[in-house]
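What follows is each chain in one-letter form.
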Amino acid sequence: MGLTAMLVGSISGTGLQMLNNALQKVPLSRRPWLHVGYFFLGGYIGQRWVKLEKELVIDINEIRADKGLPPMIATNAWIKYENPE
């Protein structure tokens, strides 16, 4: 999922720059360094999103365990994590 999130973020970053140029009615290839910059920024945000989502699920399950509730349904199915004992 990390690679997919990085690619989606990268393509979204570049697409947003091209959309910005299209809305301004300037050539799409104007300032190409911004295309590259937003590509890498989008990839970083995509990678960070996966990490934040995993940390959030672990925190939620810890809070639920403190309250005596079972973990969230199917969390082991879509996020493989080790519960520190």
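Note: the structure precedes this text.
Everything quoted here is computed from the prediction, not taken from an experiment.

Cut-offs applied
Residue positions within a chain follow its written sequence, with the count starting from 1. Residue-level local features of this predicted model are given only where pLDDT is at least 70; pairs of side-chain atoms are given and counted only at 80 or more, and the full residue set underlies all totals for whole chains, interfaces and linings. By convention in this description, side-chain values take in all heavy atoms of the structure and omit both hydrogens and water. Think of it this way: a Phe, Tyr or Trp ring, Trp meaning its six-membered ring, pairs with another when their centres are within 6.5 Å, and the plane angle makes it stacked under 30 degrees, edge-to-face over 60, tilted otherwise. Relative accessible area decides the class of each residue, using a 1.4 Å probe on protein chains only: under 20% of the type maximum gives buried, over 50% gives exposed, and in between gives partly exposed. A run of H or I in DSSP counts as a helix once it spans at least four residues, and a run of E counts as a strand once it spans at least two, with each numbered from the N terminus. Multiplying 1.5 Å by the helix residue count minus one yields the expected span of that helix. Every patch collects residues that have over 30% relative accessible area and no salt bridge, joining them within 9 Å if they carry like charges and within 5 Å if they are nonpolar side chains (Val, Leu, Ile, Met, Phe, Trp, Tyr). Note on areas: Shrake-Rupley, 1.4 Å probe, and residue coverage restricted to the protein chains presented here. Note on definitions: salt bridges are taken to be side-chain nitrogens of Lys or Arg within 4 Å of carboxyl oxygens of Asp or Glu. Neither His nor the chain ends is counted toward charge; the positive residues are Lys and Arg and the negative residues Asp and Glu. Working definition for charges: the position is that of NZ of Lys, CZ of Arg, CG of Asp or CD of Glu.

Student: Explain the packing of aromatic side chains here, please?
Tutor: Given two aromatic rings, their pairing is described by the distance between the two centres and the angle made by the two planes. Inspection of every chain in the model, using the stated rule, returns one aromatic pair. Taken together, a centroid distance of 5.6 Å and an interplanar angle of 85 degrees make the contact between Phe 39 and Phe 40 edge-to-face. Under the relative-accessibility criterion, Phe 39 is labelled partly exposed at 34%. With a relative accessible area of 56%, Phe 40 lands in the exposed category.

Student: What's the story with helix H2 (residues 32-66) in this structure? I'm lost.
Tutor: Under the 1.5 Å per step criterion, the end-to-end length of H2 is 51 Å for 35 residues, consistent within 8% with the ideal 51 Å. Where H2 is concerned, the buried positions are His 35, Gly 42, Gly 43, Gly 46, Val 57 and Asn 61. Downstream of H2 by a residue or two, Gly 68 has a phi angle that is positive, lying close to 85 degrees.

Student: So what exactly am I meant to see when it comes to a negative patch on the surface here?
Tutor: Side chains of Glu 55, Asp 59, Glu 62 and Asp 66 sit close together on the surface and give a patch of like negative charge. By the element assignment, Glu 55 lies in helix H2. What makes Glu 55 partly exposed here is its relative accessible area of 33%.

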